[in-house]
Amino acid sequence: MKKTKALLLDVDYLKGKQSIIRLFFKTPSGKIILSDPSFEPYFYITVNCAPEDAVKKLLESEFNGVRIKRAEIVEKTLFGEEKAVKAIKLIFNSTKEVKDSREEIREQEFVTHKREYDIPFVKRYLIDRDLEPLAMYEIEYDEKTLELKGIKKIESSNELAKLKIGSFDIETYSRGRFSDPKKDPIIMASYVDDEEKVVLCTKEIKVPYAIKVKDEKELIEALIRKIKEKDLDLLVTYNGDNFDLPYLKERASQLKLKCDIGLDGSEPSSVKKARELATKVHGRPHVDAYQLLRMLVRFGVVNLVKMDLESVSAALFNEPKEKIYAEEINDMWDNNRELERLAEYNMLDSAVAYRIAMTYLALFIELGKLVHYTIFDVTRSSSSQLVEALLMIEAYRENILVPNKPSDAEVKMRVMQSYQGGFVYEPVPGLHENIAVLDFTSLHPTIIISHNVSPDTLNCNHEDCKAKNSSPLKNWFCTKKRGFVPKVIERLFKERVAIKRSLKSMQKGSQQYILADARQHSLKIILNSFYGTLGYARFRWYSRECASSITAWSREYVQMVAEEAKKAGFIVIYGDTDSTLLKIPENKKREDVLQFVESINAKLPGVMNLELEGFYKRGIFVTKKASEQAAKKKYALIDDNNNLKIVGFEYVRRDWAGIAKQTQRLVIEAILKDGSPEKAVDIVKQKIKELRSGKTKKEELIIHSQIKKDINAYESIGPHVAAAKKAIAKGRDLGERSVIGFIITKCGKSISDKAQLAEYVSEGNYDAEYYIKNQLIPAVIKIIGEFGYDEDDLIEGGKQANLKAFS
DNA sequence: TAATTCGCTAGACCGA
DNA sequence: TCGGTCTAGCGAA
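Residues numbered from 1 in each chain as written. Chains lettered and ligands numbered in written order. Predicted model: local features only at pLDDT ≥ 70, side-chain atom pairs only at ≥ 80, totals over all residues. Heavy atoms only, no water.

Asks: I'd like a rundown of the sheet that holds strand 16 (residues 234–237), residues and numbers included.
Replies: Overall, mixed pairing links the 6 strands, which are arranged 15-14-13-12-16-19 in an open sheet. In this open sheet, the two edge strands, each paired with only one partner strand, are strand 15 (210–212) and strand 19 (286–288). For this sheet, the mean inter-axis angle between neighbouring strands, taken without regard to orientation, is 25 degrees. For strand 16 and strand 19, the ladder comprises 3 bridges, and the chain directions are parallel. Within strand 19, the residue paired with Leu235 across the bridge is His286. Relative to the sheet, helix 5 (residues 240–254) contacts strand 12 (165–172), strand 13 (186–193), strand 16 and strand 19, its axis offset from that of strand 12 by approximately 75 degrees. (Pairing = 2+ DSSP bridges. Helix = DSSP H or I, 4+ residues; strand = E, 2+ residues; numbered from the N terminus. Axes fitted to C-alpha atoms, helices over the stretch in contact; angles between N-to-C directions. Contact = heavy atoms within 4.5 Å.)

See the structure below:
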């Protein structure tokens, strides 16, 4: 028996007759792979007869060819019920046996429920054993059998926690089509980590980091050797899930090589996830920086116009990077032209992927620890999976059997039943001076906590709960028993508050700070996901009543703030869901706002809290394009330091041309900062002139829009779809989720006819009238219009403006 | 097997 | 050629 400190790198299981959990550890004396045969696949059923009789019957029969290995009678509570019941835990040799037999077992006439029959084996293990991947443990194991005998979490302050991370990227050669690993070779590969960068190539390249290899076989061997020699803890790629890793594996196989980069000497294995692949390297978790960014975009952590490495590098790191398309790579290769440029491109792909991973890894590690997911799983999961994982951990601790996933029919029913969301106040259009913005801090989570909103506290049997804690929709929530969902949310919420407090005394940029910040950030992401998932049709704990009660309360609270503000002598300009914008009248001071906030907080229940987001010296609201009605979700503010806050305007949208967006920003600035609509008009006139001259740069004319479904499924062919179709005809690989950057050219009849992918358009080929009439003017007219100007003033000028906006 | 609803706008599409 | 309707996308919260 041996004891050691160890970092839990990865967990998987061996398939076959017996499913056996494997744990990959990093210890002070190297890496080890241990197994835990003590953990077996299982699920639960409840029965309508004596459980002992049921067990006897079950063990005597076969179900779809499967014999149950063992059965235990256990006390469990079905989620939402008061009392524990006797349930039967059915234990099997393999996950396949569970899959094969669960339907038939459920169909036995004495079986009333089946539960937890679809929890993936590794996730099940991490829940039941209370293990957090990438945390530090004191482990005990049998040196002969390599079986895990004991494991205990310890606080880490160890060198082991420093992970060895490396990134790679490949370039392929294919003439005139998308590369096919069965035929098309890898011509170049790069590898980057914290201490070196290398480009492997079958041709001689005159850059210091290039290494010449004899042929493709040697190239692949060298790359595989590199990954193994470095003994990477994590392997990083950019889109390695669907391209680099499957491609490398297939090329290796074509050349009779083994792509044995797994810690156990195994090859990468791809699994279908949603519509795409996720590619695993056993024991050496593969982090696909592209997947990681997609999650961050979904969570609203980053905002990216496009997801290719060039756009990402520019947007996140302010480092421009050249894009070389496949067509050109083939050309360069054939003609031995500019191979240095190609090598640089290849190397930077690895370097940027590496940097993305290093920037966000701490966040994902914390997220993984929080929900007990491996780093592989947590970097590829959805909001609902994270929330579900967290609730599953809680359910296990409380001996509760979790609800099943809904059937497709149930999902359809749920989707049809929508519910009302947040309240949006109709703004007062025009220019406003001296504004205060108030926000509810974490509105939805705090409503859940403070009103105990949970599927298991909904409409309890107590009359006084109904009297004391009814939502405006007349659903009520128990006040005597803590709800399952609020209990979890409150724990996270309180931990986050505590961390945020402790952050203030830490040194920014220190290891301690980075870790704590990542932790609070991961808590924030999960906290913000709860409300949405309660209204998500496929969620195990779906509750339309809970979701709609939360929004009903939110409407009530935000409207209460507006009412009280009016009573207190403020003027309410606008509000949306959790925010209220007040105009501070002449006879009031900014301190009065703080006092008002305090007076509201005195009335709010539980942990609910209103806070001052900030003061702004000026702000503008506009009317809608098609009417004189005020536009919601569109406004701009400026603070005392002349910082602009632009919300909802074209300026923040990717589907508007840069020329229109930048001009709009200048117009807003002229009005809010300089108080000069005249200056704004001049700016617009100048830009119109520039567009008419034909000198506007291509870069400023690009409009971005995403292909959101199969390119052939469109009923209405908009410009971005038209541009994409033309590009596809030329051989470009564009599909669902591609972001199309297009320009409206001079050539064609309709707007869609004129739309072309930006890369194919030469400087100066643009439809100036389109950009003036459909981009520039719409972006500014409603703003300038607030000061009495109209379109003619922009095109010809000279007309006298009346100052209607100054009311 | 990708958290929610609310809101604005462009441009295709279609029929008069 | 027009005006109304519908599809589609993106952002706010």
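Next, the rest of the story.
Asks: I'd love a proper account of the protein's contact with DNA strand B, names of residues and values included.
Replies: Contacts to DNA strand B come from 36 residues, most closely from Arg294, Ser382, Ser384, Tyr536 and Tyr770. Backbone atoms, meaning sugar plus phosphate, form 88% of the atoms of DNA strand B positioned within 4 Å of the protein. Lys405 is positioned such that a nitrogen or oxygen atom in its side chain is 2.9 Å from a phosphate oxygen of DNA strand B. Contacts to DNA strand B include Tyr419, whose backbone N or O atom sits 3.4 Å from a sugar or linking oxygen. Breaking the surface near DNA strand B down by element, the ones donating at least two residues are helix 6 (289–298), helix 11 (383–397), helix 16 (511–534), strand 25 (630–638), helix 22 (751–754) and helix 23 (768–785). (Near = heavy atom within 4 Å. Polar contact = N/O pair within 3.5 Å; in protein donor to acceptor, adjacent residues only side chain to side chain.)

Asks: Which residues make up the nonpolar core, and what are the values?
Replies: With 123 residues, the main nonpolar core has Tyr238, Ile356 and Phe530 as its most contacted residues. Per-element accounting of this core gives the leading share, 18 residues, to helix 9 (residues 339–371). Setting aside its immediate chain neighbours within four residues, Phe530 contacts Val387, Leu390, Leu391, Ile448, Val485, Val488, Ile489 and Leu492. Of all hydrophobic cores here, the second largest spans 57 residues; its members include Ile668, Ala680, Ala727 and Ala768. (Core = buried A, V, L, I, M, F, W, Y, C linked by side-chain atoms within 4.5 Å. Buried < 20%, exposed > 50% of the residue type's maximum accessible area, 1.4 Å probe, protein only.)

Asks: Explain the packing of aromatic side chains residue by residue, including any values.
Replies: Per the counting criterion, the structure on display carries 22 aromatic pairs. A centroid spacing of 5.2 Å and a plane angle of 90 degrees characterise the contact between Tyr770 and Tyr771, whose relative ring orientation is edge-to-face. Each member of the pair, Tyr770 as well as Tyr771, is classed as buried. Ring pairing ties together the aromatic residues Tyr13, Phe39, Tyr42, Tyr44, Phe121 and Tyr125, which thus form one cluster. Here Lys588 stacks its cationic end above the ring of Phe570, 5.2 Å away from the centre of that ring. The lysine or arginine in question, Lys709, covers the ring of Tyr714, its NZ or CZ lying 5.1 Å from the ring centre. (Phe/Tyr/Trp six-rings, centres within 6.5 Å; stacked < 30°, edge-to-face > 60°. Lys NZ or Arg CZ within 6 Å of the ring centre and 35° of its normal.)

Asks: Tell me about the sheet that holds strand 20 (residues 400–401), and name the residues and values.
Replies: The strand order 9-4-8-7-20 describes an open sheet built from 5 strands, whose pairing is mixed. Each end of this open sheet is capped by a strand with a single partner; those strands are strand 9 (111–115) and strand 20. Note that strand 7 (residues 70–78) and strand 20 share 2 bridges and pair parallel. Paired with Leu78 across the strands is Leu401, a residue of strand 20.

Asks: Hey, could you go over helix 18 (residues 590–601) for me, with residue numbers and the actual values?
Replies: Over its 12 residues, helix 18 extends 17 Å from the first C-alpha to the last, a length consistent with the 16 Å expected when each residue adds 1.5 Å. Within the sequence span of helix 18, burial applies to Val593, Phe596, Val597, Ile600 and Asn601. Buried residues of helix 18, viewed axially, fall in a sector of 140 degrees; they line one side. Among the exposed residues of helix 18, those oriented more than 90 degrees off its buried face are Glu591, Gln595 and Glu598. (Expected span 1.5 Å × (residues − 1). Arc of directions from axis to C-beta.)

Asks: Run through the side chain of Arg102, naming residues and quoting values.
Replies: Counting through the fold element by element, Arg102 comes out in helix 2 (residues 95–106). For the buried Arg102, no salt bridge exists, and the shortest N-O distance to an oppositely charged side chain is 4.7 Å, to Glu103. Among all residues touching Arg102, those that are not within four sequence positions of it are Phe43, Lys114, Tyr117 and Asp118. (Lys, Arg positive; Asp, Glu negative; His and termini not counted. Salt bridge = Lys/Arg side-chain N within 4 Å of Asp/Glu carboxyl O.)

Asks: Give me the protein's contact with DNA strand C: which residues, what numbers.
Replies: If you check the shell around DNA strand C, you find 19 residues, and the closest are Asp578, Arg654, Gln706, Lys709 and Tyr714. The sugar-phosphate share of atoms of DNA strand C within 4 Å of the protein amounts to 86%. In this structure, Val652 approaches DNA strand C through a main-chain N or O atom, which is 3.3 Å from a phosphate oxygen. Taking His720, its side chain carries an N or O atom lying 3.3 Å from a phosphate oxygen of DNA strand C. Within the residue set of the surface near DNA strand C, elements represented by two or more residues are strand 25 and strand 27 (703–706). For the surface near DNA strand C, the per-class residue count stands at 4 nonpolar, 6 polar and 9 charged. (Nonpolar A, V, L, I, M, F, W, Y, C, P; charged D, E, K, R; others polar.)

Asks: Before we move on, could you go through the pattern of salt bridges and cite the residues and values that matter?
Replies: This structure, assessed with the given rule, holds 74 salt bridges. Salt-bridge contacts for Arg175 lead to Asp334; the nearest nitrogen and oxygen are separated by 2.3 Å. Taken together, the residues span a long stretch of sequence, with Arg175 in the loop between strand 12 and strand 13 and Asp334 in helix 8 (residues 326–334) at a distance of 159 residues. Here Arg175 falls in the partly exposed class, since its relative accessible area comes to 42%. Its salt-bridge partner being Glu394, residue Arg397 comes within 3.9 Å of it at the nearest N-O pair. Here Glu394 and Arg397 lie together in helix 11, a separation of 3 residues that amounts to about one turn. What emerges from the salt-bridge pattern is a single network uniting Lys164, Asp193, Asp194, Glu195, Glu196, Lys226 and Lys230.

Asks: Describe a positive patch on the surface, with residues and values.
Replies: On the surface, Lys500, Arg501, Lys504 and Lys524 cluster together into a positively charged patch. Checked against the element boundaries, Lys504 lands in the loop between helix 15 (484–503) and helix 16. (Patch = residues over 30% accessible without salt bridge, like charges linked within 9 Å, V, L, I, M, F, W, Y side chains within 5 Å. Areas by Shrake-Rupley, 256 points an atom, 1.4 Å probe, with all protein chains shown as cover. Charge placed at Lys NZ, Arg CZ, Asp CG, Glu CD.)

Asks: Which residues make up the confidence of the model for chain A, and what values go with them?
Replies: Overall, the prediction assigns chain A a mean pLDDT of 96, with 98% of residues at 70 or greater. Across residues 797–807, where pLDDT falls below 50, the model places 18 contacts with residues more than four positions away in sequence or in other chains. (pLDDT = per-residue confidence, 0-100.)

Asks: Break down the environment of Val55 for me, with residues and values.
Replies: Along the chain, Val55 falls in helix 1 (residues 51–60). Spatially, the C-alpha atom of Val55 lies 8.0 Å from that of Glu72, the residues being 17 residues apart in sequence. If we ignore the near neighbours within four places in the chain, the residues touching Val55 are Ala71, Ile73 and Ile88.

Asks: How would you sum up the state of the cysteines? Please name residues and give values.
Replies: This structure, assessed with the given rule, holds 0 disulfides. Distance from the sulfur of Cys465, which forms no disulfide, to the nearest cysteine sulfur (Cys460) is 3.7 Å. (Disulfide = S-S within 2.5 Å.)

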